[in-house]
Amino acid sequence: MRVYVPLTLAGLAAAHRAGELGPGPLTAYAVTPALREWYVSDDIEELEYAALNRAASASLRLIAGDPGAARRRVVVAVDVPDGAAVADPDHILDASSLGEVTIASAVPLAKAAAVHVDSDDADGDVTAAAAALGAADLGDDDAQFTVDGAEDHELLWFGVQEIPGLIG
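The structure presented is a predicted model; accordingly, all values stated were derived computationally and were not measured.

Would you mind showing me how to read the overall build of the protein here?
Across its full length, the protein holds six helices and nine strands. The C-alpha atoms of the protein give 15 Å as radius of gyration, which agrees with the globular expectation for 168 residues (15 Å, within 12%). With the C-alpha coordinates aligned to their principal axes, the bounding extent of the protein is approximately 40 × 40 × 25 Å. Put simply, the protein has 168 residues, and 43% of those count as buried. Per element, the accessible surface of the protein, about 8700 Å² overall, is 53% carbon and sulfur. In the protein, 9 positive and 28 negative side-chain charges are present, and the distance between their average locations comes to 7 Å.

Below you can see the structure in the form of structure tokens.
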């Protein structure tokens, strides 16, 4: 099963040093039954893209919670055994938790399929979005527009072997 783990660049550097994503439990995003129902698609690529975007939003929250974090969203796509990623049945109907899964233990970075990171030109929009996130959560339409500005940036794809260049 492909899961998408939200990180910051500092979190990616720590995972690279440790050789694993962890320790567990890890929050990740995947194509869950609730995400399938919400997205109303049978196209697995579209569904995985939706899960990736959910993880990118979670990465933005990590950035917002760490004023010293680089303003670039980071998501690591990892393949885990079926059953290793579990959706919380108490949050199935919670729209903010769509696609969210928990992985009980650390995952070797060698299981990563790719790393997705914002380009440098997203820095301003990600910075603004991180600052506006709290107001957007409270229903401020202007703040939500600012958060959506970060989401307009596509994350770039990098191979796992390129991590040293991303964190260096």
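Explain helix α1 (residues 9-18) to me, please; I cannot follow it from the model alone.
Working note: α-helix, 3.6 residues per turn, so residues spaced by three or four point in the same direction. Within the sequence span of α1, burial applies to Leu9, Leu12, Ala13 and Ala15. Buried residues of α1, seen end-on, are gathered within an arc of 160° and therefore sit on one face of the element. Seen from the buried face of α1, the exposed residues on the opposite side, beyond 90 degrees, are Ala10, Arg17 and Ala18. The inward-facing, buried residues of α1 abut β1 (2-7), β2 (20-21), β4 (74-79), β8 (112-117) and α6 (163-167). At the exit of α1 stands Gly19, carrying a positive phi of roughly 80°.

Help me out: how do you make sense of the packing of aromatic side chains in this one?
By convention here, two paired aromatic rings are described through the distance between centres and the angle between planes. Considering all chains together, one arrives at zero aromatic pairs under this definition. One residue, Arg54, lies across the ring of Trp38, its end atom 5.9 Å from the ring centre.

Parameters and conventions
Residues numbered from 1 in each chain as written. Predicted model: local features only at pLDDT ≥ 70, side-chain atom pairs only at ≥ 80, totals over all residues. Heavy atoms only, no water. Helix = DSSP H or I, 4+ residues; strand = E, 2+ residues; numbered from the N terminus. Rg over C-alpha atoms; globule rule 2.2 N^0.38 Å. Buried < 20%, exposed > 50% of the residue type's maximum accessible area, 1.4 Å probe, protein only. Areas by Shrake-Rupley, 256 points an atom, 1.4 Å probe, with all protein chains shown as cover. Lys, Arg positive; Asp, Glu negative; His and termini not counted. Charge placed at Lys NZ, Arg CZ, Asp CG, Glu CD. Arc of directions from axis to C-beta. Contact = heavy atoms within 4.5 Å. Phe/Tyr/Trp six-rings, centres within 6.5 Å; stacked < 30°, edge-to-face > 60°. Lys NZ or Arg CZ within 6 Å of the ring centre and 35° of its normal.

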